[in-house]
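# An overview of the molecular structure
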Amino acid sequence: MPVKLRSEASGHHPIQLDRLCRSAEVLLRRTNHGNSELSLLIVSDQAIHELNRHYRHKDKPTNVLSFPMNDGREIADGALLGDIVISADTAAREAKELKIPLRQRLNWLLIHGLVHLLGYDHERSEPEAALMESREHELQQHLNDTERKKTMTQLAINVDHVATLRQARGINEPDPVLAAGICELAGASGIVVHLREDRRHIQDRDVRILRETVKTKLNLEMGATPEIIGIALSLKPDMITLVPEKRQELTTEGGLNVSGQKKKLEEVIKQMTKAGIPVSLFIDPEPKQISAAAAIGATFVEIHTGRYCDAASETAREDEFELVATAADFAYGLGLKVNAGHGLNYQNVSRVAALDAIVELSIGHSVMARAIMVGLDQAVREMLDLIRG
Ligand code: PXP
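The following paragraphs examine the structure supplied in this document. (Residues numbered from 1 in each chain as written. Predicted model: local features only at pLDDT ≥ 70, side-chain atom pairs only at ≥ 80, totals over all residues. Heavy atoms only, no water.)

Counting its regular elements, the protein chain contains 16 helices and twelve strands. Seen through its C-alpha atoms, the protein chain measures out along the principal axes to roughly 80 × 45 × 40 Å. Looking at the protein chain as a whole, 48% of its 389 residues are labelled buried. (Helix = DSSP H or I, 4+ residues; strand = E, 2+ residues; numbered from the N terminus. Buried < 20%, exposed > 50% of the residue type's maximum accessible area, 1.4 Å probe, protein only.)

Further remarks concern the sheet that holds strand β12 (residues 358–363). Sheet architecture is closed into a barrel: eight strands sit in the order β5-β6-β7-β8-β9-β10-β11-β12, paired in parallel fashion. The mean inter-strand angle of the sheet, taken between neighbouring strand axes irrespective of direction, is 25°. In terms of strand pairing, strand β11 (residues 337–341) meets β12 through four bridges, oriented parallel. Bridge pairing in β12 links Gly 341 to Ser 362. (Pairing = 2+ DSSP bridges. Axes fitted to C-alpha atoms, helices over the stretch in contact; angles between N-to-C directions.)

Moving on, we get to empty space enclosed by the protein. Applying the stated criterion across every chain yields a total of one cavity of 30 Å³ or more. Taken as a whole, the largest cavity encloses approximately 30 Å³ of empty space. Lining the largest cavity are Ala 156, Val 192, Asn 219, Glu 302, Asn 339, Glu 360, Leu 361 and Ser 362. Ranked by residues supplied to the lining of the largest cavity, first place goes to β12 with three residues. (1 Å grid on protein atoms, 1.4 Å probe; cavity = no way out; pocket = protein on both sides within 12 Å on 5 of 7 lines; lining within 4 Å. Points joined across faces, edges and corners; volume = space filled by probe spheres on them.)

This part covers the environment of Glu 133. Mapped onto the elements, Glu 133 comes out in helix α5 (residues 126–147). Judged by relative accessible area, Glu 133 falls into the partly exposed class, the value being 44%. When the C-alpha positions of Glu 133 and Asp 121 are compared, they lie 9.9 Å apart, and in sequence the two are twelve residues distant.

Once that is clear, we can look at the side chain of Asn 219. Take Asn 219: it is sitting in strand β7 (residues 218–222). On the basis of relative accessible area, Asn 219 is assigned to the buried category, the value being 3%. Among all residues touching Asn 219, those that are not within four sequence positions of it are Ile 191, Val 192, Val 193, Met 239, Ile 240 and Thr 241. (Contact = heavy atoms within 4.5 Å.)

Read across the sheet, four strands follow the order β1-β2-β4-β3 without closing on themselves; strand pairing throughout is mixed. Because the sheet does not close on itself, it has two edges, and the strands there are β1 (3–7) and β3 (64–68). Strand-to-strand, the axes of this sheet are offset by a mean angle of 15°, without reference to chain direction. Sheet topology note: the β1/strand β2 (residues 37–43) ladder contains five bridges and is parallel. Its bridge partner being in β2, Ser 7 is matched across the sheet by Ile 42. Here helix α4 (residues 102–117) sits on the sheet in contact with β2, β3 and β4 (80–87), set at roughly 145° to β4.

Under the defined criterion, the tally for this structure stands at two aromatic pairs. Here the aromatic rings of Tyr 55 and Phe 67 are separated by 5.1 Å at their centres, their planes lie at 65°, and the arrangement is edge-to-face. Taken as a pair, Tyr 55 in helix α2 (residues 45–56) and Phe 67 in strand β3 lie far apart in primary sequence, twelve residues in all. An angle of 55° between the planes, with centres 5.6 Å apart, marks the rings of Tyr 308 and Phe 321 as tilted. Here the residue Tyr 308 occupies a position in helix α12 (residues 306–310), and Phe 321 occupies one in helix α13 (residues 314–333), the gap between them amounting to 13 residues. Here Tyr 308 falls in the buried class, since its relative accessible area comes to 2%. (Phe/Tyr/Trp six-rings, centres within 6.5 Å; stacked < 30°, edge-to-face > 60°.)

Below, the structure written as structure tokens:
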């Protein structure tokens with residue numbers, strides 16, 4: 001292994017060591033050092049402060065330190081390059097200040113440290129600083145290119161609100177079954193319906209017919225109640241998404257408390273798995289819930305994007321986005337398939353769609369609201385354009 005990565009930082013920074021290691025390997029190959037050895041150490045502010053004082057006589061913590069092996073000589077591929085030490089505490093602080101994901105900041109510090117190991121030094125002269133900066137930009141660009149999402153994020157459309165309109169009159173139109181067909185023709189990769197206990201919008205008849213007519217994938221959103229579990233087991237949708245359900249709520253208000261009801265949910269997952277139905281758990285972007293979902297055998301998690309979408313200020317939105325991004329990476333790292341949804345609209349969808357780990361978005365209200373003005377086919381296509389863009 002050319003990269004030896006070790007973390008001595010406290011566990012409360014959500015650092016994906018395997019991804020950082022992969023970034024380091026990509027960078028080594030790019031700098032013609034695919035066979036060289038690099039040691040990468042992630043530490044706390046306290047530890048980097050000690051190193052900074054001891055080796056550089058600077059009595060403060062810093063973000064990254066490099067300890068080259070070569071003393072300025074040309075380095076051959078296969079040689080020992082040296083050590084890079086990164087402070088997780090400072091990296092996390094800087095990421096927050098810059099409003100970027102921690103992973104992005106760590107990658108940049110890694111690049112900075114590596115370029116130092118390769119003999120560049122921005123402190124020697126201005127021309128050298130400029131040279132170093134351009135090398136860093138080139139490596140950052142290369143890393144971005146290799147990390148760019150390889151598969152397109154898909155769009156599942158929730159047609160509940162077509163049924164809401166129908167139920168408001170108590171007649172038989174508009175029909176969510178017809179709407180589902182139009183969404184599929186426009187390019188949706190799946191149809192979602194929430195069969196609520198109180199049947200306020202989607203009816204049993206809708207799910208039964210959709211089971212026959214949906215060509216892409218029918219995702220039945222549901223509370224884990226015996227009646228609805230029975231319906232799911234007999235209809236066999238392509239997947240189910242378990243959500244917490246309250247009668248008084250206007251829409252699903254938060255994620256499932258998976259860690260607090262592991263036994264009950266594990267039992268439902270077992271029943272569904274036996275019937276060949278994959279299960280997704282709708283959860284808030286919290287590591288505790290994601291770990292619990294993986295532990296009880298969920299196939300998917302759907303990350304609740306509501307707090308990101310509803311954030312009242314720019315800062316809060318950035319914080320919430322970071323939580324969603326980190327949660328998606330974390331879930332992916334645990335082997336879960338990752339969906340996301342709730343509150344997504346034409347203004348806020350692109351960033352979430354661009355997250356590497358996310359396979360599919362589940363969107364309802366904003367598409368239906370636009371469909372009233374421009375038609376359902378166009379509303380779905382415009383959403384798809386944003387997701388693919
Ligand atoms: N995902 C889940 C689990 C939901 O409960 C809902 C709302 O029905 C959605 C996604 C879609 O949310 P929205 O209608 O805000 O797009």
